[in-house]
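Here are the chains, one letter per residue:
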Amino acid sequence: MPLRIDVITIFPDYFAPLQLSLMGKAQQSGLVTIAIHDLREFTSDRHRSVDDTPYGGGAGMVMTPEPWGQAIDAVVTDQSTLIVPTPAGKLFSQPVAAELAHSTHLIFACGRYEGIDQRVVEYYRPRIDVRELSIGDYVLAGGDVATLAMIEASVRLVPGVLGNPESLVEESHQLPGVEYPSYTKPPTWRGLDVPEVLLSGHHDQIARWRAEQSTIRTTHNRPDLLPGS
Ligand SMILES: Nc1cc(-c2cccs2)n[nH]1
């Protein structure tokens, strides 16, 4: 059963990259089907408006609920998971990507402005799985880039999408720290040599060196990922 993804956005062109490379191949292979929907196709006024001023005052504009209700109703089934990217959401992570990769149907609601009227989440929450997700503690102009990131991270975990599942096995073993540094030819580049051990053929020494490098890098860059932190 292929994974179906429906993306609802006011900037469909943001999703052209999904036709390229691994994501494009995943669609051609039939493992994943991705459809992009323009939210403005679900408006009913002459100006095709999708936002209005916030109740309670405040800066910016909020996306009105009705176009979202119309758009989501057009694609939703009882198997759907509705994903709403927002800086206020739970943190998206590799385990969440793995969960999404094993879903049947994902609907991404890409909000702009100051967000989507909260009643959209409230309306669908009793009916289907609804997940407000953040890709990190920084604010984008809209949910489109967050959606691209979540789709790429999830689709690459769909069985059969990655040519070499071996790389997924390594990835899972590398946690909880960050990955060791990688090198390839030439053996010397601008006076810089590849670490000798990597050319030695001693696989246990190489494994030990890589584990040490992962710990050094994790300590320096991501101490929050160290065991017991
Ligand atoms: N992690 C994250 C999500 C977002 C936005 C989603 C929708 C508008 S802004 N910014 N940062």
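Residues numbered from 1 in each chain as written. Predicted model: local features only at pLDDT ≥ 70, side-chain atom pairs only at ≥ 80, totals over all residues. Heavy atoms only, no water.

Along the backbone of the chain there are 7 helices and 9 strands. For the chain, the spread of C-alpha atoms along the principal axes amounts to about 70 × 40 × 35 Å. Sequence-distant contacts, at least 24 apart, represent 77% of the contacts inside the chain between residues at least 6 apart. Placing the 18 positive and 28 negative side-chain charges of the chain at their respective mean positions leaves the two points 3 Å apart. (Helix = DSSP H or I, 4+ residues; strand = E, 2+ residues; numbered from the N terminus. Contact = heavy atoms within 4.5 Å. Lys, Arg positive; Asp, Glu negative; His and termini not counted. Charge placed at Lys NZ, Arg CZ, Asp CG, Glu CD.)

Okay, the domain arrangement of the chain next. In terms of domain boundaries, the chain breaks down into domain 1 (3-163) and domain 2 (166-225). Taking only C-alpha atoms into account, the centre of domain 1 sits 35 Å from that of domain 2. (Domains from an automatic or database assignment.)

Relative to the elements of secondary structure, serine 134 occurs in strand 7 (residues 129-134). In this structure the side chain of serine 134 is engaged in a polar contact, spanning 3.0 Å, whose partner is the backbone nitrogen of glycine 136. Other than its neighbours up to four places away in sequence, serine 134 contacts Thr86, Pro87, Gly89, Lys90, Leu91 and Phe92. (Polar contact = N/O pair within 3.5 Å; in protein donor to acceptor, adjacent residues only side chain to side chain.)

All right, on to helix 5 (residues 144-155) then. Between its first and last C-alpha, helix 5 extends 16 Å over 12 residues, near the 16 Å set by a 1.5 Å rise per residue. Buried residues dominate helix 5, accounting for 9 of its 12 residues. Every buried residue belonging to helix 5 is among Asp144, Ala146, Thr147, Leu148, Met150, Ile151, Ala153, Ser154 and Val155, and all of these are buried. (Expected span 1.5 Å × (residues − 1). Buried < 20%, exposed > 50% of the residue type's maximum accessible area, 1.4 Å probe, protein only.)

Time to look at the sheet that holds strand 6 (residues 105-109). Strand-to-strand pairing in sheets goes through backbone hydrogen bonds, with the strands running parallel or antiparallel. The 5 strands are arranged 2-1-6-5-7 in an open sheet whose pairing can be described as parallel. What marks the edges here is a single partner per strand, and that holds for strand 2 (32-38) and strand 7. Ignoring which end each strand starts from, the neighbouring axes of this sheet average 25° apart. Relative to strand 7, strand 5 (residues 80-91) is paired through 7 bridges, and the arrangement is parallel. Note that in strand 7 the partner of valine 84 across the bridge is glutamate 132. Sitting on the sheet, helix 2 (residues 65-73) is in contact with strand 1 (3-9), strand 5 and strand 6, with an inclination near 160° to strand 1. With respect to the sheet, helix 3 (residues 94-101) is in contact with strand 1, strand 5, strand 6 and strand 7, its orientation differing from that of strand 7 by roughly 145°. (Pairing = 2+ DSSP bridges. Axes fitted to C-alpha atoms, helices over the stretch in contact; angles between N-to-C directions.)

To continue, consider the UniProt feature "binding site: S-adenosyl-L-methionine" (unreviewed entry) in the chain. UniProt annotation of "binding site: S-adenosyl-L-methionine" (unreviewed entry) refers to Gly111, Ile135, Gly136, Asp137, Tyr138, Val139 and Leu140 when read in the numbering used here. In this fold, glycine 136 is placed in the loop between strand 7 and helix 5. You can see tyrosine 138 is positioned in the loop between strand 7 and helix 5. At a separation of 3.2 Å, a polar atom in the side chain of tyrosine 138 contacts the main-chain carbonyl oxygen of isoleucine 135. (UniProt positions renumbered as here; feature names shortened; annotations may be inferred.)

Right, let's talk about the pairing of strand 6 for a bit. For a regular strand, the rule is simple: side chains alternate between the two faces of the sheet. The element strand 6 is extensively covered by neighbouring structure, given that 5 of its 5 residues are classed as buried. Side chains His105, Ile107 and Ala109 of strand 6 all project onto a buried face; the interleaved residues Leu106 and Phe108 project onto the opposite face, where all are buried too. As defined by bridge partners, strand 1 adjoins strand 6 across 5 bridges and the pair is classed as parallel. Bridging across to strand 6, aspartate 6 finds its partner in isoleucine 107. Where strand 5 lies against strand 6, 4 bridges are found, and the strand directions are parallel. Along strand 6, the bridge assignment pairs serine 80 with histidine 105. Chirality of the crossover, the property in question, places the unit of strand 5, helix 3 and strand 6 among those that are right-handed. (Right-handed = clockwise from strand over helix to strand, strands pointing away.)

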